[in-house]
Amino acid sequence: MARKHLIAGLAAAGVLGLGVAAPAVAFAENGDTTPSPGATTSEDRSTERADRQNAFAEALAEELGVPADKVTAALEKVREERKGDRPERGGWRGGDAADRQAALKERLAKAVEDGKLTQAQADAITAAVEAGVFPGGHRGDRPGR
């Protein structure tokens, strides 16, 4: 039963992650690079992120009926395990852009070889990354970044 709760919690975390990512992508498509008057510093963003993560862990713990510290520990464990799954990235933002782009091209070539993507789809993904459509991709000549 506890395993079901953990899986349900992780699924909820994934759904929440998508809920946070979708507006971020929509905002990025706006193309407005002018910082707002209330723009926060990197330290403020880190604090806000930690606060959101703590609130999420507490809400998830309440929903599952388990102590919040157990949920926090489980989420941290999963984060650490996922970091290890991506050694070519060097953690969250490791490696330079050329390394990331080469790794992406290798993964896309493998997907084409395995029949998961067509070459046209792989080319479209590469073009989208180079155009800055995806977060972390090449930003082109966007001012202010």
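Below you will find a few notes about this structure. The structure displayed is predicted, hence computed values, not measured ones.

Core analysis: the biggest nonpolar cluster contains seven residues, these being F56, A57, L60, A61, L64, V71 and L75. Elements with a minimum of two residues in this core: α2 (42–64) and α3 (68–84). At five residues, the largest contribution of residues to this core is made by α2.

On to the pattern of salt bridges, then. Evaluated as defined, the whole model comprises two salt bridges. A salt bridge links R79 to E76, with the shortest nitrogen-to-oxygen separation between them at 3.1 Å. Of this pair, R79 and E76 both sit in helix α3, three residues apart, roughly one helical turn. The partly exposed category is assigned to R79, whose relative accessible area is 31%. By relative accessible area, E76 is classed as partly exposed at 37%. A salt bridge links D114 to K110; the shortest N-O distance between them is 3.1 Å. What makes D114 partly exposed here is its relative accessible area of 38%. Judged by relative accessible area, K110 falls into the partly exposed class, the value being 46%.

Let us now look at the environment of K116. Residue placement: K116 occurs in the loop between α4 (97–113) and α5 (119–130). Dropping the residues within four chain positions of it, K116 is found in contact with A111 and Q121.

Moving on, we get to a negative patch on the surface. Together, E43, D44, E48 and D51 give the surface a local cluster of negative charge. Take D51: it is sitting in helix α2. The exposure class of D51 is partly exposed, given its relative accessible area of 47%.

Parameters and conventions
- One numbering rule holds for all chains: residues counted from 1, following each sequence as written.
- Confidence filtering applies because this is a predicted model: local features only for residues at pLDDT of at least 70, side-chain atom pairs given and counted only at 80 or more, and all residues used for totals across whole chains, interfaces and linings.
- Only hydrogens and water are set aside; all other atoms, that is, all heavy atoms of the structure, feed into the side-chain values.
- As used here, the term nonpolar core means buried Ala, Val, Leu, Ile, Met, Phe, Trp, Tyr and Cys residues forming a set that is joined through side-chain atoms within 4.5 Å.
- Buried means the residue's accessible area, taken with a 1.4 Å probe over protein chains only, is under 20% of the maximum for its type, while exposed means over 50%, and partly exposed covers the values in between.
- Secondary structure counts use DSSP, requiring at least four H or I residues in a row for a helix and at least two E residues in a row for a strand, with both numbered from the N terminus.
- We count a salt bridge whenever a side-chain nitrogen from Lys or Arg sits within 4 Å of a carboxyl oxygen from Asp or Glu.
- The contact rule is simple, with two residues in contact once any of their heavy atoms fall within 4.5 Å.
- Only residues whose relative accessible area exceeds 30% and that form no salt bridge are eligible for patches; like-charged ones are grouped when within 9 Å, while nonpolar side chains (Val, Leu, Ile, Met, Phe, Trp, Tyr) are grouped when within 5 Å.
- Calculation of accessible area relied on Shrake-Rupley with a 1.4 Å probe; when residues are assessed, cover is drawn exclusively from the protein chains displayed.
- In this charge count, Lys and Arg are treated as positive and Asp and Glu as negative; neither His nor the chain ends contribute.
- Lysine's charge is taken at NZ, arginine's at CZ, aspartate's at CG and glutamate's at CD.

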